[in-house]
Structure formats: structure tokens, C-alpha cells
Amino acid sequence: MAFLLAVGTSAVWAAPKAGEPLSFVSCPIVRDTRTVPCWLAEHGGEMYFLTLQTDVSAPVNPPWLGHRVLVEGVVSEEPSICGGRVLKPLTLSVMPDLDASCNTVLPAEERYDLTFEPPRPPGPSKGRLAFGDPAARDAVATGGPAMDFSLAYEFDGQVAFRHAQTLQRILDTARAAQVEEVRITGYRSATRLSSGEVMREREDIARRRAEQVRDLLVGAGLDSVKYTVRWQDRSKRPGLSGAENRRVEVALIARR
Amino acid sequence: MTRTRFVFSSLLLAMLAIHGGAEEEPGARSKVAGHVPEQNRQAQRAPAPADSATPSSTSWWTPGDERVLAPLAAYGNSFGTLGILNTGGPVVTAGHPFFEPIGKNGRACVTCHQPANSMSLSVEMIRRRWEDTRGKDPLFAPVDGMNCPHLPADDPKSHSLLLDRGLFRIFLPWPPKAADGTRIDPEFTLEVVRDPTGCNTHPVYGLASANPMLSVYRRPRPAANLRYVTHQKFGVFAFIGKNGLPASRDPETGAPSGMNLLSDARQPTLKTQAVEAAVTHLQFDGPLDDERLRQITDFEKQLYAAQMTVDAAADARNRARESIARGHDVFMFRTFWIRDAMHLNTVGLGNPTKRTCATCHGMHMMGMDVANGWMDIGTTNLPHAREEPLNPWNARKPELPLFKVTCKSSVPPHPFLGRVIYTQDPGRALISGKCNDVGTIVMQQLRGLSARAPYFSNGAAESLREMIDFYDRRFDIGFTEREREDLVNFLSAL
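Since we're looking at a predicted model, the values are computed, not measured. (Residues numbered from 1 in each chain as written. Chains lettered and ligands numbered in written order. Predicted model: local features only at pLDDT ≥ 70, side-chain atom pairs only at ≥ 80, totals over all residues. Heavy atoms only, no water.)

### What about the domain arrangement of chain A?
All names here are of chain A.
- When cut into domains, chain A gives domain 1 (2–112) and domain 2 (146–254).
- Taking only C-alpha atoms, the centre of domain 1 and the centre of domain 2 are 26 Å apart.
- Between domain 1 and domain 2, the contact holds 21 residues from the first and 16 residues from the second.
- When the two sides are added together, the surface that domain 1 and domain 2 hide from each other amounts to roughly 1400 Å², 60% of it contributed by carbon and sulfur. (Domains from an automatic or database assignment. Contact = heavy atoms within 4.5 Å. Buried area = accessible area lost by both parts, 1.4 Å probe.)

Below, the structure is given as C-alpha cells:
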């Protein structure tokens, strides 16, 4: 932890080495290519590669022009893509407020062409999802059905498109296992940016997240179980990535 | 009378709600959706024409006529021939609730869902009916065939939205109603900026009336190919793939709905939709009985419509076919930057995303969205919606109402439009009460387009060419003249 903090305050302008964690907020940049566009962001004089345009099943979804993005990642050794250093692992959060100054679309240039086939073309994919069904991907393979689930959120975020599949699994499992109780815990997080500045999520977010998950499950028809809804503030000691703590945990308790 | 008939469903609801937390989902719990009892009250209040006349003409199907719908019916249009495939075998219209005037205004479902118009209704047909009947066809009934029911019925100006753009009045309670008929607390406030129809401000029919009701104006959507439109396959889940919220459900089976019916997905099934259609468009008092509902939905599910042939001499036909094939490739593969489209750019694709027409119009056979197809492409939200330019040289006046929506501070701003949105039709937001849904419209099927101009839910595009020009402006596409022609031909052939 001490090491991380040192990086955060003193090394902002030096080119970071592989393995170094980075957190910053900036405007995303789109770089067109002959196939699909790349998403980049600039920080401390360096250009970073965020992700490619793929489809809804991508582990990292591209951010939005018109909004700034919170980037929480680790500098990787992999060769640059589209002129940007690769961050891996990486979490992106689109900031909810509008920012019209985030509006850069760079044209395609030969020197930034992808050196590999993109996971999916910009047109119809012939039925292939680039990364497969995300629900199947993280299903637990061993033993009985998993009874613990986790939903990950963007900074200050609540349920969005990417949660539909996890919610569906919770619902299916709860029904199949004739669950008696659903325990929901929401968390609030914070991130210490590489600049040293701390970004805390809105104060009531842990509670909002937890209650929303309950409401959605009830709304989808899971209305004859007991709900225990709790929330916790994990924003007290912020690290360089707050992604881990931007979550809701759902535990299904079977009838004994 | 009506009120007592609706009581049953609300009681049921009260019981179901006991377990729930904050339960505020729109939809239906019985065959009657939460918002329909209010619509019933307004429809019964509206006058019905006393001296209507609806003479038959070649392609017009008159309610109550004794006819037989053949297994395959063909109708000419400017591009070629439209086919209506009736897979259940010949249908005798006498006594059939889709064809009988079962309400108090002399209309039947078929009045607005005409076989010759791919089971929708073209503005050309509407104008012809006006001329043939001097406005006496029940099609023009005050309840929704007029800009507002209080206007003088024999003045064409009272029907200007129908005669100019093919639009019917859709009236919905405001604030919205949950499935159980309770009030949904909307995420935004709504003001009427202008309303040339006078309906939203009217003391009996408007927002400040005893039965507060908002009026928007929409095109009939094709009542055919509905097996595809209401499919239960890929993309239909208990949670909406675009925002993670619970999908509305079939009140009988509990199965999630694909939510692709009507411009705002306010009805989960064909059955609940038919209940509303009878109450509003036909001024039928109360919920239809199960037997007639079964007949209507069976009929809807056995009916398919598509353009069958291109009319031209062999030479020209071959050229047309080549153009159609090129148009197909433009539709599928010609990329452009799709930007600031709510529920498309927000669902993991990024903003902008470099994609094609087929990205949004991806459903097999229909070209709708695979599921939950409401999006904002700027057809009803400013700044992109078609508005009348105001200047001393333009004699035309705005015809549609304009609303100002202000998203409350308790929710994040709309990601592309901010907190204040001007719209001609709030679309799905009238049902969900969500700021992000303002101006989102469920995309229509792309079948039978040649037979049913104008296009978009508010009839903003008079022709397919205008529709393509709209996309070209909206997304800065830069289509060539040839690409536009090819796209028009491709779409005309569907």
C-alpha cells in the first residue's frame, strides 16, 4: 500500500513501468482503423489503449464521448495497440455528468492499424458473440449451483445492461433451489487517483445499490422469499482501484 | 358499470403486492394493463359518430362486411405486390371480432389494420376514405381519429394529423400507472410547451382534467407477422438486456415479454394489447371476453405480410433486383458512426460505435431489435426531430404537441441530452417514468413498407427516401445518391 501511494504522488509525469497501477479521469478518445475503432485515453503525456469496439459481451465495454471516464488499470508489457500502451486488468467507469469537451475522433492511419483480427467486425457477426455468453463464462462449474453472486458497478453506478444476465441467474437459481431467503449487501467505494486526489462515491450508493437489487428481483416475480438488505461503506481507505468494492453481493439461503 | 368490471383486477393486485418492496413496474397483472381503466373512462366520455357511413371499395375492408379472407391475398402498390399470407386457412369475417364493429363507434380492428396496407394504414388510404365518405367513415371517430375529441367532427382541420400524417391520438394516464394500477412516481416533470391540438390542455381530455391524460400521436403498426414480433427466443429474459430492469410479463404464464409491441412496449402480450385496442380505438366498454380475445390473437398469429413481387418488365426487373441486392449490402455492411442513441450506445457498444443499419434492425425476418427495442434515434426528441421551421416565409404551423421534460436531481442526467429535454412524444418514458427513456420508440417491423407510408411512429418521413435522408442527417452518414436509391429499393422489397 505504501508503495502504491508513493507512485500516486511522485511519479505522475514519469513514463510508468509495466506492472504499475494507474488511476485517472480523462476524456476518452476514439481512433478509427480500417476495421473497428480503438478507444484511447491520455494521461501524464502518455497515450493508453483502453479497448476495441466489439459487442455487448466484451469484458471491457468502450466508454462514451460526451462524458469523461475513470480509468483504473495496471500498465502491461504487451505491445501497444493503436498507439496506446495497454492496461490490464482494466476497469472503466463512464462519469454520469455530461462533458461536451470529450469529443475527439481521430481518423484511421495506416501506422495504427490493428496487427490482429478484431474479435468481431463492425457489421453482422454471423451469430457469433466475440466473447461468448458472459453468463455461462462465469458460472461456477463444480458442485451444485453457486448460491453466491456478485454484481460489479461503475463509479456511482447502479444496475445497467450488463447486470441483466447475473440477475437472471440469481432469479433462476433462487427459483430452482426454492430459496427461503435472499441476503443482499451493497457497498460504497472510493478511488485514490494517481494524482493523489480521492474520489468517493455518493454517500447513499451502497444502500441504493442493495435496495435496487431487491426491488428488481421482486419486480421480476421473486416475491415470496425473505429479503435481508444491508449496506456497507468501504470508502474509508481508498486504493488506486476502487473497482473491487463497487459491488453488491447476493447470497441465496436454501430452505433447510 | 365499467368501474365495477375493473375492480376484480385491482383486488387481485392488492394481494400480490403484500410481499413486495417498492413495486412500481408497468405492465399487466390480469388481462387488463394498469393504465387501461383510465383510458376506458376517457373513451366512453368521448363522442361517437351518430351518422357514420363506411361503404366498401375495392381494397377497403369495411367492418361488419361478410367476406372471406383467402389463404393468400395480393394487393398492388407503387412498388409491386404485397402478399397477405393467412396460414390458418380462409377466415370468415362475419362474426369475427377482428372484423366486427364491436364497440360504440362502428370501427373494427380492420379499420386501421387493412390488408392492402400490410395490416397497417397508409395516409393515402386515409385520404381516399375521407373523400369517398366525406369524412363519415368511423375511421375518423372523435375519440382518436381527431386531433382531440372536442373539435368539430366535419371539419378536416380537426383531423389534420390523421389526414396529413396518418396519426391517431394515443391517450395515456399521466403520471404513469404500474401493472397494479397504482401510480408510478416519474423521474421527471413534464410541461406542455405548445399543443396545436389543444388536447393536452383541454379541461376534459387533458393533463389537468379530472382524469389526467396525456395525448401523443402515432402511426398504426402492422398487425401481421406478430408471431415473430412476440417471439420468446434469443434475447427475451426476465431482465431487460438494455437496462437490467424487470421485463414485463405475460399475466397468465408469468413468462417475460420481448417487449416489442407498440411504440412504447406498454402491453406485454397480444391479448392484453387487444383489450386496450378495443377500449380505446373501438370505444368498447370494459375488457373483452376471453373467447373474442382468443379469436383475435389466433388470427393475428396466423397472418403474415410481405412484399411479394416487383412490378416491372423483365429488363427493368433485373436492374431492380441488382439494386435491391446492393441495398441489402448497404443495410448490412455500410458502416457509419452511430452516436448519442439512447439504449444503443449505452448498452456496451460505446459512444460512438461504428456500425450499420443492421446493428439496430437485427431481428430475424422482421428487422426489429432482437428484444426490448425502444431507442432514441431522434425521431421525437429535439434537436433532431422534424420541426416546422418558424420564419415569415413559411406558412405551415407546427402540428404536433411539444413537451418539456426536466429530469429530477435525484437521478443522473440523461447521458446525451442532459436534464432538460424537448420532445414531441416521450415514448417509453410515458410508461416507465424514466428519464433515460424519454423519446425512445420501439422500432417497427420492416415488412410491407411499400404499402404503408408514412414512416416512423410520428409519421415524420413521408417516403422511404425521406426516411433515409433523416438517417443521413442524424448520423452524418454521407450516403451517395446510389446508396440511397439502393436502400430505398431494398426496403421497398421487404
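From this point, the discussion proceeds with the structure in view.
### Section: the pattern of salt bridges
All names here are of chain B.
- Tallied over the full model, the rule gives 47 salt bridges over all chains.
- Among the ionic pairs, Asp185 bridges to Arg183, the shortest N-O distance being 3.9 Å.
- Take Asp185: its relative accessible area is 46%, and that puts it in the partly exposed class.
- Judged by its relative accessible area of 52%, Arg183 falls in the exposed class.
- A salt bridge links Arg194 to Glu387; its shortest N-O distance comes to 2.9 Å. In this pair, Arg194 is assigned in strand β6 (residues 188–194) and Glu387 in the loop between β11 (374–375) and β12 (402–407), connecting sequence segments 193 residues apart.
- Connected through shared salt-bridge partners, Arg218, Asp264, Arg266, Glu276 and Asp425 make up one network. (Salt bridge = Lys/Arg side-chain N within 4 Å of Asp/Glu carboxyl O. Buried < 20%, exposed > 50% of the residue type's maximum accessible area, 1.4 Å probe, protein only. Helix = DSSP H or I, 4+ residues; strand = E, 2+ residues; numbered from the N terminus.)

### Side note on helix α10 (residues 314–333) of chain B
Residues and elements named next belong to chain B.
- The terminal C-alpha atoms of α10 lie 28 Å apart, and with 20 residues this matches the ideal 28 Å at 1.5 Å per residue to within 8%.
- Residues of α10 that are buried: Ala320, Ser323, Ile324, Gly327, Val330 and Phe331. Down the axis of α10, the buried set is contained in an arc of 115°. They therefore lie on one face. Opposite the buried face of α10, at more than 90 degrees from it, the exposed residues are Asp315, Arg321 and Phe333.
- Contacts made by the buried residues of α10 are with β8 (303–310), α12 (357–360) and α15 (481–492). (Expected span 1.5 Å × (residues − 1). Arc of directions from axis to C-beta.)

### Things to note about the pairing of β8 of chain B
Residue and element names in this part refer to chain B.
- Taken across its eight residues, β8 has six buried, putting it largely inside the fold.
- In this sheet, β8 lies alongside strand β3 (residues 80–86) in antiparallel orientation, the contact comprising seven bridges. Residue pairing across strands places Leu85 opposite Tyr304, the latter belonging to β8. (Pairing = 2+ DSSP bridges.)

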